[in-house]
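Secondary and tertiary structure notes
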Amino acid sequence: MNIQAPMTAVHPLSPLAAEEIIKTAAIIRRDLENGADALFETIELAETDRSAVRAHQNGATPDRKAWANVYHRNRSGVLRCLVSLSDERIVSTTYHKDAQPLISAAEFMGIESAIKTDPRFIAACKRRGIDDLTFVTCDPWSAGNFGIEEEKGRRISHVFCWIRNSKLDNHYAHPIEGLNATVDISTLEVLSVTDKGDVPIPRAEANYDRSFQTVVREDLKPIDVVQPEGVSFKLDGRRLTWADWDMQIGFNPREGLTLHDISISGRPVLYRASIAEMMVPYGSPEGAHPRKNVFDIGEYGIGRLCNSLELGCDCLGAIQYLDAQINGLDGGVETIKNAICIHEEDMGILWKHWDFRLNRTEVRRARRLVVSTIATVGNYEYGYYWYFHLDGEIEFEMKATGIINTTACEPGKPGLHGVEVAPGVRGQIHQHTFCARLDMAIDGDANSVVECNTYADPAGPENPYGNAFRQHETVLETEKGAARKADPSTHRYWKFTSSDRTNHVGGKTAYKLMPSSTVTPFLSPDGPSGRRAGYTFNDLWVTKFDPDQRFPAGEFVNGSDGSDGFPSFTSQNRPIVDTDIVAWHVFGLHHQPRPEDWPVQPCITCGFKLMPVGFFDDSNVRDLPWEKNSASCSLSPES
Ligand code: CO
């Protein structure tokens, strides 16, 4: 194989190009013992040191390295290899003997096929009146780590089943309750089939596919988004600039979209931002359902599950797309066309004032830059939307849509942990708990974090009318001290302050994190799932930057024991004042399903905002031109 492929990467943080993925795999196949049989869980850019990123000159060829997680069908564990693409050699390897590779989308259908040919499974279906298994579906969930003897040291998927009535029918309307199986993903051996209970399969159809639509409303007129003079952002390779913003767009198979070196008006704000983990615990103790505690990012990798977005459907207006290149298990390349969408949106008014004495009005419109992706994990869709606003605010919104995970119940008897969304079809209480990893860089790498709480002043001579209240600020000095919960009763927020720069009133320049979508965890912290989800027990964690601390539930999550990730990341209790800090914000959705979430769930959302606070000397948006949109028209005849 030719490993002298040309390099097209232009920036040290550009995701691996197709030829770099192929080259990494070729070097490993050539130089690694048993390299010929290697399976490639992940091949991704090894992000270089930030000093090299900053020293990079446009047009220069950066030194490129790749991480490759490699495994073999007949051997447990994962070999993590660092490969130099510039030197064409393996730089280092570490063997993680207890680690399990994540579950690849390429393995999903093999798992289903293996189960459907198992005689025990065939018999269980027959007992339920299903002779033809063509329309039976088996969703391959990660199995967790429940200390089950036969699963130890193996890479397991635990499976829930449904059946379609016809080819395009929504199978989630017909759960096969009590029928589950476990499969060794590497060998495709079916380890167990459990067939419990006699809850009938609900057979009533609940479809959303256009082929089933019998009523199509006709009262809604088109809304077109047009930008007659083009868009206001610029893309140079993967460097995106818009208004005062500047950033580098990244992507990897595990986290999907990543954003790097984000600055405004030439001043750094974030060195790196990503959604680094997501856990979805379900609340039901019945049957096989307690196994549903899935880490969608750490166990599957959300990047490889990204959609090819469709113009005029997913994205409206003038759209810039970026493709994503993902490694296959064989070390080849799969391209997700149009995986990342970049566009601008009108956002209503940004600011306004009518001086009633002068009868003079000033108003300016807001707009935002949107960088987004959508990933499908089994029944759910997760829409990632990063918003950049003209006033310096950064916002992240997660849109959850798709189909709720369904189970079957006796009609009218959903039990204590679920809601009947249709007769005999139940949605169970669950959560989607995300963790954003925010490598802060407010006016430089040295930052601190300040907790802000508002309290009433004590009654007394200083507060004679009992109406005094003020904000108290506390510097969080150590990692353990910065493991914090939100507190709406004190309007708590956290401020990331620069150690090097002050504003024109002498305050440290800063951004604040407003926690608006926190989730109370209900897992027992020492239970088999809670132990693995340590990060979910606080709303904020702050660590001193460590390049090896990338994922809050650990580097290898599939079958993990919880020893990696939080809280062990903070066990050294390093000082976090005036240093390079990473903020980890835990947020999400607490989801008691509604009948309105069925059969297809309109987007429910959660997220967070990072707002400048004393970062600028003033509102910083007075320079917007006064203008009237000439394409707007009045429907009132007199105006
Ligand atoms: Co949900």
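Let me begin by describing the structure that accompanies this report.

Some words on the environment of Gly527
- Mapped onto the elements, Gly527 comes out in the loop between strand E27 (508-515) and strand E28 (540-544).
- Sequence-wise, Gly527 and Tyr387 are 140 residues apart; in three dimensions their C-alpha atoms are separated by 37 Å.

Observations regarding the coordination of the cobalt ion
- Around the cobalt ion, the protein contributes the donor atoms Tyr380 (OH), His430 (NE2), His432 (NE2) and His591 (ND1), at 1.9 to 2.1 Å from the metal centre.
- Coordination at the cobalt ion is irregular: its four donor atoms span angles of 88 to 139 degrees at the metal.
- Taken in chain order, the donor set of the cobalt ion reads Y-x49-H-x1-H-x158-H. Of this pair, Tyr380 sits in strand E18 (residues 380-389) while His432 sits in strand E23 (residues 430-440), and the two are 52 residues apart along the sequence.
- Taking the relative accessible area as the measure of exposure, Tyr380 reaches 3% and is therefore buried.
- A relative accessible area of 0% places His432 in the buried class.

Looking at helix H1 (residues 18-31)
- Here H1 is 14 residues long and its end C-alpha atoms lie 20 Å apart, about the 20 Å a rise of 1.5 Å per residue gives.
- Considered for burial, the residues of H1 that qualify are Glu20, Ile21, Lys23, Thr24, Ala25, Ala26, Ile27 and Ile28.
- Residues of H1 that are buried in the fold lie against strand E1 (39-45), strand E2 (65-72), strand E3 (75-84), strand E4 (89-96), strand E15 (320-327) and strand E16 (333-355).

Looking at the state of the cysteines
- Scanning the entire structure with this criterion turns up zero disulfides.
- In this structure Cys306 is a free cysteine whose sulfur lies 12 Å from that of Cys315, the closest cysteine sulfur available.
- There is no disulfide at Cys603, and the cysteine sulfur nearest it, in Cys606, is 11 Å away.
- Residue Cys603 is classed as partly exposed on the basis of its relative accessible area of 44%.

Digging into empty space enclosed by the protein
- Within this structure, the stated rule accounts for five cavities of 30 Å³ or more.
- Approximately 60 Å³ is the volume found for the largest cavity.
- Looking at the lining of the largest cavity residue by residue, the classes come out as two nonpolar, two polar and five charged.

Considerations on the sheet that holds E1
- Taken in spatial order, the four strands line up as E1-E2-E3-E4 in an open sheet, and their pairing is antiparallel. Every other strand in the sheet has two partners, leaving E1 and E4 as the edge strands with one partner each. Neighbour to neighbour, the strand axes of the sheet diverge by 20 degrees on average, direction disregarded.
- Across seven bridges, E2 lies against E3 in antiparallel orientation. Opposite Asn69, over in E3, you have Arg80 as the bridge partner.
- Against the sheet, H1 contacts E1, E2, E3 and E4, and its axis sits at roughly 130 degrees relative to E1.

Focus on the packing of aromatic side chains
- Across all of its chains, the model carries 22 aromatic pairs by this definition.
- Taking the centre distance of 5.1 Å and the plane angle of 75 degrees together, the rings of Tyr511 and Phe615 count as edge-to-face. Of this pair, Tyr511 sits in strand E27 while Phe615 sits in the segment after strand E30 (601-612), and the two are 104 residues apart along the sequence. When sorted by exposure, Tyr511 lands in the same class as Phe615, which is buried.
- With a centroid separation of 5.8 Å and an interplanar angle of 55 degrees, the aromatic rings of Phe569 and Trp584 are classed as tilted. Of this pair, Phe569 sits in the loop between E28 and strand E29 (579-591) while Trp584 sits in strand E29, placing them 15 residues apart in sequence. In terms of burial, Phe569 and Trp584 fall into one category: buried.
- Sitting above the plane of the Tyr95 ring, Arg75 keeps its charged end 4.7 Å from the centroid.
- Over the ring of Tyr387 we find Arg368, and its NZ or CZ is 3.6 Å from the ring centre.

Re the pairing of strand E5 (residues 136-142)
- E5 sits mainly inside the fold: seven of its seven residues count as buried.
- In E5, alternate side chains face the same way, and those of Val136, Cys138, Pro140 and Ser142 on one face and Thr137, Asp139 and Trp141 on the other are all buried.
- As defined by bridge partners, E5 adjoins strand E6 (residues 156-163) across seven bridges and the pair is classed as antiparallel. Within E6, the residue paired with Trp141 across the bridge is His158.

What to know about the pattern of salt bridges
- Applying the stated criterion across every chain yields a total of 47 salt bridges.
- Among the ionic pairs, Arg470 bridges to Asp457, the shortest N-O distance being 2.8 Å. With Arg470 in strand E25 (residues 469-476) and Asp457 in the loop between strand E24 (446-456) and E25, this pair connects stretches of sequence that are 13 residues apart.
- Members of the salt-bridge network, linked through shared partners, are Arg50, Arg54, Asp439, Asp445 and Asp580.

Each value, and the rule that gives it
Residues numbered from 1 in each chain as written. Predicted model: local features only at pLDDT ≥ 70, side-chain atom pairs only at ≥ 80, totals over all residues. Heavy atoms only, no water. Helix = DSSP H or I, 4+ residues; strand = E, 2+ residues; numbered from the N terminus. Donors = N, O, S within 2.8 Å, 3.2 Å for Na, K, Ca; no water. Tetrahedral: all angles 85-135°; square planar, octahedral: opposite > 155°, others 65-115°. Buried < 20%, exposed > 50% of the residue type's maximum accessible area, 1.4 Å probe, protein only. Expected span 1.5 Å × (residues − 1). Contact = heavy atoms within 4.5 Å. Disulfide = S-S within 2.5 Å. 1 Å grid on protein atoms, 1.4 Å probe; cavity = no way out; pocket = protein on both sides within 12 Å on 5 of 7 lines; lining within 4 Å. Points joined across faces, edges and corners; volume = space filled by probe spheres on them. Nonpolar A, V, L, I, M, F, W, Y, C, P; charged D, E, K, R; others polar. Pairing = 2+ DSSP bridges. Axes fitted to C-alpha atoms, helices over the stretch in contact; angles between N-to-C directions. Phe/Tyr/Trp six-rings, centres within 6.5 Å; stacked < 30°, edge-to-face > 60°. Lys NZ or Arg CZ within 6 Å of the ring centre and 35° of its normal. Salt bridge = Lys/Arg side-chain N within 4 Å of Asp/Glu carboxyl O.

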